[in-house]
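Listed below are the residues making up each chain.
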Amino acid sequence: MKIKIKSWTGVATWRWIANDDNCGICRMPFENCCSDCKLPGDDCPLVWGQCSHCFHIHCIMKWLQSQQLQQQCPMCRQEWKFKE
Amino acid sequence: MSSVRLGYGSDRLVSNSQTKKRHSSDEENPSSPLQSRNKKICLEAQKEDIENMDRQKHANFSTMAPNGVRSMGLGKSKGSEKKVLSIKNLKVHQVAAVDHVSESWACLKEAVVAIQESRKLRENLTQEDLYRCVDNLITQRSPAQLYADLRDLTETHIKSQLENFINSSGDRLIFLRQVNDCWTHHCHQMKMVGNIFLALDRGYVLQTAHVSSIWDMGLELFRQHILEEVIVENRCVDGLLMMIEQERGGETIDRSLVKSLLRMLSSLQIYHKVFENKFLMATEQLYSREGQRLMQERDVPQYLQHVEKRLNEENNRILHYLDPSTKRQLIYCVEKQMLNEHKTALLQKGLDQLLDQNRRKDLSLLYSLFSRIKGGLDYLCSQFNAYIKTHGKTIVINPEKDRVMVQELLDFKDKMDGIVSDCFCNSDRFVLALKEAFEHFINQRLNKPAELIAKFVDGKLKAGNKEATEDELERLLDKIMVLFRFIHGKDVFEAFYKKDLSKRLLLGKSASVDAEKSMLSKLKQECGPGFTSKLEGMFKDMELSKDIMLAFKQNLQNMSKNSTLPLELSVNILTMGYWPNYQIMEVEMPSDMVQYQQIFTKFYLGKHSGRKLQWQPTLGHCVLKAAFPNGPKELQVSLFQALVLLLFNTTDVFSLDEITSRTNIEDTLLRRTLQSLACGKARVLIKNPKSKDVNDGDKFIYNKDFSNQLFRIKINQIQMKETSEEQQQTEERVFQDRQYQIDAAIVRIMKMRKIIPHNLLISELFDQLKFPVKPADLKKRIESLIDRDYMERDKDNPNTYNYVA
Ligand SMILES: [Zn+2]
Ligand SMILES: [Zn+2]
Ligand SMILES: [Zn+2]
């Protein structure tokens, strides 16, 4: 038998690489969006801090705005700096 | 003109130029104080005229023309040739002949008696002579005396008339005719007498209280001496009832006789007292018996038609001879006896059958008849509702009928809609009852209708579906949406819809993007954007994937060393959470494929950091170029089919075990794959031993003799027999999703309220959650959230929860 693949349509799923199942701020699973959003994925992305904790971007932004003095990670209380 | 005709016994009443003139002069002078009374007198005379004109038409008691003058002259043109008294040119010698009181009265008496006896008047006695006599007596004696004398004369005559038929032993009809003759003669006579004594009516009668007009005096006497004789009254009324009964029994009767006699009773003002009550009682008895009998003898449609016929007949009776004032009671009586008494039996016996057989004409009749009786439509409506629930349940409840459930639901809905609009006037309460019933029965079976509706839509949106035009498809989808609206577990629908949509998108099976989008917007409209956001996300992923592939190919071309890659790769990248959950599995692939896959993964993750890519081999598919001895073919296959076939490039025979170890495809999936390649329509492999199913130890051999008319061949995957497995997965997914939604709702409420009593929390949850849910399920979720420290019981009041921030 002589067979060659002419074309191949593959399927892949993507998800966030997170160190936890849930967002530490809104407590929703990372697979779902934050409580302000309707749709997970590109519309409600995750961000990582240099402390390696990660959150929904909408959650951490709200958190940081509510902090008057220092910008701290809500999980480890280290100063919050975005990774990269 | 001096010719006078006194006619009677004919159809026409007397015409007299002088009378006419007097009347018209009054008519022309609206300020005359006599006018109104005068009109009344004329009115009475007028009745006969109108009756004559109307004889061929309908009996009509109440439409006397208020203008009594107009038709007084009608008799002239067609005056009867017989019994006409003509007095010509007598003006010359009438001078003093009637000056004396006694002589005047003698003349008048002579004239009245002549009229009463239907005799000719003396040749030399003119109408004008008679007027003068009346004037003499009024001025020279007293009008009261004249009135009394006239009354005596009339009374004597009427009394004598009674003898004519009081002892008549003839049958009722003859008796009725005698009474009627007597009555019509009386009317003629009184009209002529009234004409002669016109001055008395206009002077004395008008000016004196409690004195009736001559016409009314005649009526009073007629009633007193004729109809108030018990024998006459009874025989007359009984005779009338008998005739009506005969007519109801189907015989033809002399309607004009009945009409004339009933009119007589009305004129004498005893219609209600002596006739109406007895008539209504007879009617009630007749229809009570008839209703009971026919309910036994006839089926419902026949019965309803009969009732309609009866109602028409009775209405006709009113038009033709009954007094219109009887209408309401008469019709009510028929409705009560024929319909109201049997409404329960009618619907129990007939409604299901009529609805089953879609007998629209009968149903329309049923509706119109039931709308006549009090509470009839409410009752019909509730029975209609009950029918839909019962019948509908049979459509959804039986698993053996699942294959046809949705089509039957659509047909049933069409049918019921048609009946409501055609037969039930599209009345709001029936529309509502229809909706309520559908919503009720469709949810009698958990989840299945939602699943089947989703699958039905899939069938219509898939390529190759034979629904002719886009318009037709659109209409069908609209109808589907109506069913969908009734479903309580809309998330079950969504889960199955999503599963099918993913197949359509990933396998390129969608018939039309427009139709897909249209369905999506319908769902959005129905359930809000939250319901469709993930479905829309799936379409978005498909678009994004195209862009990524363009960028990827650009990238490949830039890396020229890879330009020799032997196959074309495209990848659909799916966002987890939009799509159904797929089973993750690793399979063995040829190294060039693995390498290609790695290149793409690296490219993708380079563009999107923080992400993880999971390949889904179960969803992949390929186009293969295959060279068979009988000619080259292009095979459209799944990735698994491709992986199996690629093995045969090196060796012609493999055992099941060998294929398993070389591909690492999960056992059930592999057997299904092999079955499709060796036992399906296009058999590129041969199975040894031959059989329908793949068994342990089977060998698979490359089919050298494979041939097919087509160049491009699609090798279908064996349809998982609507695998209870797959189905369970979907249901499980729905269940998990519901848990998650309950949790999210609880947290949302707690966050807002901070402190909330248990009952209030539960009721808010019922408001928010859009799927059926039991209180026990909610309690479990609350416990779980307490365990996970999202909330706590209040220390003092365990029935209240506090939010834990
Ligand atoms: Zn969050
Ligand atoms: Zn968000
Ligand atoms: Zn941290």
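Residues numbered from 1 in each chain as written. Chains lettered and ligands numbered in written order. Predicted model: local features only at pLDDT ≥ 70, side-chain atom pairs only at ≥ 80, totals over all residues. Heavy atoms only, no water.

- Per an unreviewed UniProt entry, chain B goes by Cullin-4B and derives from Armadillidium nasatum.
- UniProt's Sequence similarities (unreviewed entry) comment on chain B is quoted here verbatim: "Belongs to the cullin family."
- UniProt's Pathway (unreviewed entry) comment on chain B is quoted here verbatim: "Protein modification; protein ubiquitination." (UniProt positions renumbered as here; feature names shortened; annotations may be inferred.)

- Under the annotation held in an unreviewed UniProt entry, chain A carries the name Anaphase-promoting complex subunit 11 and is attributed to Armadillidium nasatum.
- For chain A, the Pathway (unreviewed entry) comment in UniProt is given as "Protein modification; protein ubiquitination."
- Taken directly from UniProt, the Sequence similarities (unreviewed entry) text for chain A runs: "Belongs to the RING-box family."

**Some words on the coordination of the zinc ion (ligand 1)**
Residue and element names in this part refer to chain A.
Here's step 1: Protein ligation of the zinc ion (ligand 1) involves Cys23 (SG), Cys26 (SG), His56 (ND1) and Cys59 (SG), the donor distances falling in the range 2.1 to 2.4 Å.
Here's step 2: Taken together, the 4 donor atoms coordinating the zinc ion (ligand 1) span angles of 94 to 122 degrees at the metal, a pattern that classifies the geometry as tetrahedral.
Here's step 3: Of note, the donors binding the zinc ion (ligand 1) are all from one chain and are spaced C-x2-C-x29-H-x2-C. Remark: His56 occurs in strand β3 (residues 54–56) and Cys23 occurs in the loop between β1 (2–16) and β2 (46–48); sequence separation between them is 33 residues. Across the pair, exposure class does not vary: Cys23 and His56 are buried alike. (Donors = N, O, S within 2.8 Å, 3.2 Å for Na, K, Ca; no water. Tetrahedral: all angles 85-135°; square planar, octahedral: opposite > 155°, others 65-115°. Helix = DSSP H or I, 4+ residues; strand = E, 2+ residues; numbered from the N terminus. Buried < 20%, exposed > 50% of the residue type's maximum accessible area, 1.4 Å probe, protein only.)

**Concerning the interface of chain A and chain B**
Here's step 1: Taken residue by residue, the interface counts 32 residues in chain A and 56 residues in chain B.
Here's step 2: For the pair chain A and chain B, the two sides together bury roughly 4,500 Å², of which 58% comes from carbon and sulfur.
Here's step 3: Counting the contacts that link chain A with chain B gives 3 salt bridges.
Here's step 4: Where A:Asp43 meets B:Lys540, a salt bridge forms, and the shortest distance between an N and an O atom there is 3.4 Å.
Here's step 5: Element by element, the count of residues in the side of chain A that touches chain B is highest for β1(A), at 15 residues. (Contact = heavy atoms within 4.5 Å. Buried area = accessible area lost by both parts, 1.4 Å probe. Salt bridge = Lys/Arg side-chain N within 4 Å of Asp/Glu carboxyl O.)

**Focus: the packing of helix α22 (residues 490–506) of chain B against helix α24 (residues 529–558) of chain B**
All names here are of chain B.
Here's step 1: In the contact formed by α22 and α24, the axes pass within 10 Å of each other and the chain directions differ by 10 degrees. When the axes of α22 and α24 are compared, the pair comes out roughly parallel. Contacts between α22 and α24 involve Lys490, Phe493, Glu494, Tyr497, Lys498, Leu501, Ser502, Leu505 and Leu506 from the first element and Phe531, Lys534, Leu535, Met538, Phe539 and Met542 from the second.
Here's step 2: The residue makeup of the contact of α22 with α24, split by class, is 10 nonpolar, 1 polar and 4 charged. (Axes fitted to C-alpha atoms, helices over the stretch in contact; angles between N-to-C directions. Parallel < 35°, antiparallel > 145°, perpendicular 65-115°, else oblique. Nonpolar A, V, L, I, M, F, W, Y, C, P; charged D, E, K, R; others polar.)

**Focus on the UniProt feature "domain: RING-type" (unreviewed entry) in chain A**
Here's step 1: Feature annotation in UniProt places "domain: RING-type" (unreviewed entry) on residues 34–77 of chain A, given in this structure's numbering.
Here's step 2: For residues 34–77 of chain A, the end-to-end C-alpha separation is 21 Å, with 23% helix and 14% strand making up the annotated structure.

**Section: the coordination of the zinc ion (ligand 2)**
All names here are of chain A.
Here's step 1: Within the first shell, the zinc ion (ligand 2) binds the protein through Cys34 (SG), Cys37 (SG), Cys44 (SG) and His58 (ND1), at distances of 2.0 to 2.3 Å.
Here's step 2: When the donor residues of the zinc ion (ligand 2) are listed from N- to C-terminus, their spacing reads C-x2-C-x6-C-x13-H.
Here's step 3: Cys34 gets classed as buried once you look at its relative accessible area, which sits at 2%.
Here's step 4: Classification of Cys37 as partly exposed rests on a relative accessible area of 23%.

**Topic: the sheet that holds strand β7 (residues 653–655) of chain B**
Residue and element names in this part refer to chain B.
Here's step 1: Judged by pairing direction, the sheet is antiparallel, and its 3 strands sit side by side in the order β7-β9-β8 without closing on themselves. Only two strands of the sheet have a single neighbouring strand rather than two, namely β7 and β8 (685–688). Averaged over all neighbouring strand pairs, the angle between strand axes comes to 25 degrees, with direction disregarded.
Here's step 2: Lying on the sheet, helix α28 (residues 667–678) is in contact with β8 and β9 (699–702); it crosses β8 at an angle near 115 degrees. (Pairing = 2+ DSSP bridges.)

**Topic: the pattern of salt bridges**
Residues and elements named next belong to chain B.
Here's step 1: Using the criterion set out here, one finds 51 salt bridges over all chains in the structure.
Here's step 2: Salt-bridge contacts for Arg738 lead to Asp491; the nearest nitrogen and oxygen are separated by 2.5 Å. Of this pair, Arg738 sits in helix α29 (residues 724–753) while Asp491 sits in helix α22; the two residues are 247 residues apart in sequence, bridging distant segments of the chain. For the pair Arg738 and Asp491, one class covers both residues: buried.

**A closer look at the sheet that holds strand β12 (residues 791–793) of chain B**
Two pairing modes exist for strands in a sheet, parallel and antiparallel, and in both the strands are linked by backbone hydrogen bonds.
Residues and elements named next belong to chain B.
Here's step 1: Strand order in the open sheet made by the 3 strands is β11-β13-β12, with antiparallel pairing throughout. A strand with exactly one partner marks an edge of an open sheet, and here the two such strands are β11 (755–757) and β12. Across this sheet, the average inter-strand angle for adjacent strands is 25 degrees, counted without regard to direction.
Here's step 2: Alignment of β12 against strand β13 (residues 800–803), held across 3 bridges, turns out to be antiparallel. In the strand pairing of β13, Arg793 is matched with Tyr801.
Here's step 3: Its contacts with the sheet put helix α30 (residues 758–768) on β11, β12 and β13, and the angle it makes with β11 is roughly 90 degrees.

**Details of a negative patch on the surface**
Residues and elements named next belong to chain B.
Here's step 1: On the surface, a cluster of negative charge is contributed by Glu470, Asp471, Glu472 and Asp514.
Here's step 2: With 3 residues, helix α21 (residues 470–486) is the single largest residue contributor to the negative patch.
Here's step 3: Inspection of the secondary structure puts Asp471 in helix α21.
Here's step 4: On the accessibility criterion, Asp471 (54% relative accessible area) is exposed. (Patch = residues over 30% accessible without salt bridge, like charges linked within 9 Å, V, L, I, M, F, W, Y side chains within 5 Å. Areas by Shrake-Rupley, 256 points an atom, 1.4 Å probe, with all protein chains shown as cover. Lys, Arg positive; Asp, Glu negative; His and termini not counted. Charge placed at Lys NZ, Arg CZ, Asp CG, Glu CD.)

**Focus: the nonpolar core**
All names here are of chain B.
Here's step 1: Residues Leu380, Ile388, Phe424, Phe493 and Tyr497 are the most contacted members of the largest nonpolar core, which totals 92 residues.
Here's step 2: Per element, the largest residue contribution to this core is 9 residues, and it comes from helix α17 (residues 376–397).
Here's step 3: Excluding residues within four positions of it along the chain, Leu380 makes contact with Leu347, Leu351, Leu366, Tyr367, Phe370, Phe424 and Phe430.
Here's step 4: Listed in part, the 77 residues of the second largest apolar core include Phe552, Tyr604, Tyr702 and Phe706. (Core = buried A, V, L, I, M, F, W, Y, C linked by side-chain atoms within 4.5 Å.)

**Section: the packing of aromatic side chains**
Here's step 1: For the coordinates displayed, the defined rule picks out 31 aromatic pairs over all chains.
Here's step 2: Between the aromatic rings of B:Phe600 and B:Phe603, the centroid separation amounts to 6.3 Å while the plane-to-plane angle is 45 degrees, which identifies the pairing as tilted. With a gap of 3 residues between them, B:Phe600 and B:Phe603 both fall in helix α25 (residues 591–607), about one helical turn apart. No difference in accessibility class separates B:Phe600 from B:Phe603, as the two residues are buried.
Here's step 3: With centroids separated by 4.7 Å and ring planes inclined at 40 degrees, the aromatic side chains of B:Phe628 and B:Phe706 adopt a geometry described as tilted. With a gap of 78 residues between them, B:Phe628 in strand β5 (residues 621–628) and B:Phe706 in the loop between β9 and β10 (712–714) connect regions that are remote in the sequence.
Here's step 4: Of the residues examined, B:Phe706 reaches a relative accessible area of 4% and is grouped as buried.
Here's step 5: These aromatic residues form a ring-pair network of at least three members: A:Trp8, B:Phe552, B:Tyr596, B:Phe600, B:Phe603, B:Tyr604 and B:Trp615.
Here's step 6: For the cation-ring pair, B:Arg235 lies above B:Phe175, with the distance from its terminal atom to the ring centre recorded as 4.5 Å. (Phe/Tyr/Trp six-rings, centres within 6.5 Å; stacked < 30°, edge-to-face > 60°. Lys NZ or Arg CZ within 6 Å of the ring centre and 35° of its normal.)

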